Amino acid sequence: MAIQVDYGSHDALLVVDMQNDFCEGGALAVEGGSALVPGINAEIDAAQAAGALVVATRDWHPVDHVSFTHRGGPWPVHCVQDTKGAAFHPDLALPDDAIRVSKATAFDADAYSAFGGTGLGGYLKEKGIKRVIVCGLALDVCVRATVLEARREGFDTLLLERLSAAVDSDAVTECRQAFSDAGAEVRS
């Protein structure tokens, strides 16, 4: 069941990091991650039916990425390029024409936002996109960074909170405040 977003041709649905390693059983699992997939699939269908762009981001780390704990980073090894953990959730119904954006691909730099070093902002502007609708994992990490960067890039931004899950549920209130302060809309 879709969240009643009125999609149009100037919209892009950004599905953030719905990858195996971020869902239950993965190396950096977010509780409730897999349960988001049916709702996100409904949003993908609604967006596509209205002529909106569908974009799916993914962490796509090289082996020995700087964010990994053994390199001094904060995270366990996750989403290593070309591994099962880095693959999109098997039930995520991405259309063939969905734009797939890989982030944090350099050995020595991390990137949480879909816009971080990917060129996505310029690409969306070239395509005439005015608004981005964001959902996925994790609400308090990559989704947060993507929402805030979308606002800095000048896009109207809508977060579908019900279709996003946080690593730390205690951080959600602070995230909502940050989104509000940035001028992003949050829809439950």
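Read on for a plain summary of the structure. Just so it is clear, the model here is predicted, and its values are computed rather than measured.

### Let's talk about the overall build of the protein
Right, on to step 1. Along its length, the protein carries four helices and six strands.
Right, on to step 2. Against the 2.2 N^0.38 benchmark of 16 Å for 188 residues, the protein shows a C-alpha radius of gyration of 15 Å, consistent with a compact globule.
Right, on to step 3. Its C-alpha atoms put the protein at 45 × 35 × 35 Å along the principal axes.
Right, on to step 4. By the burial criterion, 53% of the 188 residues in the protein qualify as buried.
Right, on to step 5. Carbon together with sulfur atoms contributes 49% to the accessible area of the protein, which is approximately 8300 Å² in total.
Right, on to step 6. Once the 15 positive and 27 negative side-chain charges of the protein are each reduced to a mean point, those two points are 5 Å apart.

### Describing the sheet that holds strand β6 (residues 185–187)
Right, on to step 1. Across the sheet, which stays open at both edges, the six strands sit in the order β3-β2-β1-β4-β5-β6 with parallel pairing between neighbours. Where the open sheet ends on each side, the last strands, each with one partner, are β3 (99–103) and β6. Sheet twist, expressed as the average angle between the axes of neighbouring strands with direction ignored, equals 25°.
Right, on to step 2. Judged from the five bridges that link them, strand β2 (residues 53–59) and β3 form a sheet pairing that is parallel. Of the residues in β3, the one forming a bridge with Ala-56 is Arg-100.

### Some thoughts on the environment of Pro-90
Right, on to step 1. Relative to the helices and strands, Pro-90 resides in the loop between β2 and β3.
Right, on to step 2. With 53 residues separating them along the chain, Pro-90 and Val-37 place their C-alpha atoms 9.5 Å apart.

### Considering empty space enclosed by the protein
Right, on to step 1. The final tally for this structure, using the stated rule, is one cavity of 30 Å³ or more.
Right, on to step 2. Taken as a whole, the largest cavity holds about 160 Å³ of empty space.
Right, on to step 3. Taken together, 15 residues line the largest cavity, and the ones lying closest to its centre are Phe-22, Leu-28, Trp-75, Val-141 and Cys-142.
Right, on to step 4. Each residue belonging to the lining of the largest cavity can be placed in one class, and the counts come to 10 nonpolar, two polar and three charged.

Parameters at a glance
Residues numbered from 1 in each chain as written. Predicted model: local features only at pLDDT ≥ 70, side-chain atom pairs only at ≥ 80, totals over all residues. Heavy atoms only, no water. Helix = DSSP H or I, 4+ residues; strand = E, 2+ residues; numbered from the N terminus. Rg over C-alpha atoms; globule rule 2.2 N^0.38 Å. Buried < 20%, exposed > 50% of the residue type's maximum accessible area, 1.4 Å probe, protein only. Areas by Shrake-Rupley, 256 points an atom, 1.4 Å probe, with all protein chains shown as cover. Lys, Arg positive; Asp, Glu negative; His and termini not counted. Charge placed at Lys NZ, Arg CZ, Asp CG, Glu CD. Pairing = 2+ DSSP bridges. Axes fitted to C-alpha atoms, helices over the stretch in contact; angles between N-to-C directions. 1 Å grid on protein atoms, 1.4 Å probe; cavity = no way out; pocket = protein on both sides within 12 Å on 5 of 7 lines; lining within 4 Å. Points joined across faces, edges and corners; volume = space filled by probe spheres on them. Nonpolar A, V, L, I, M, F, W, Y, C, P; charged D, E, K, R; others polar.

Worth remembering: the numbers are spatial, not functional.
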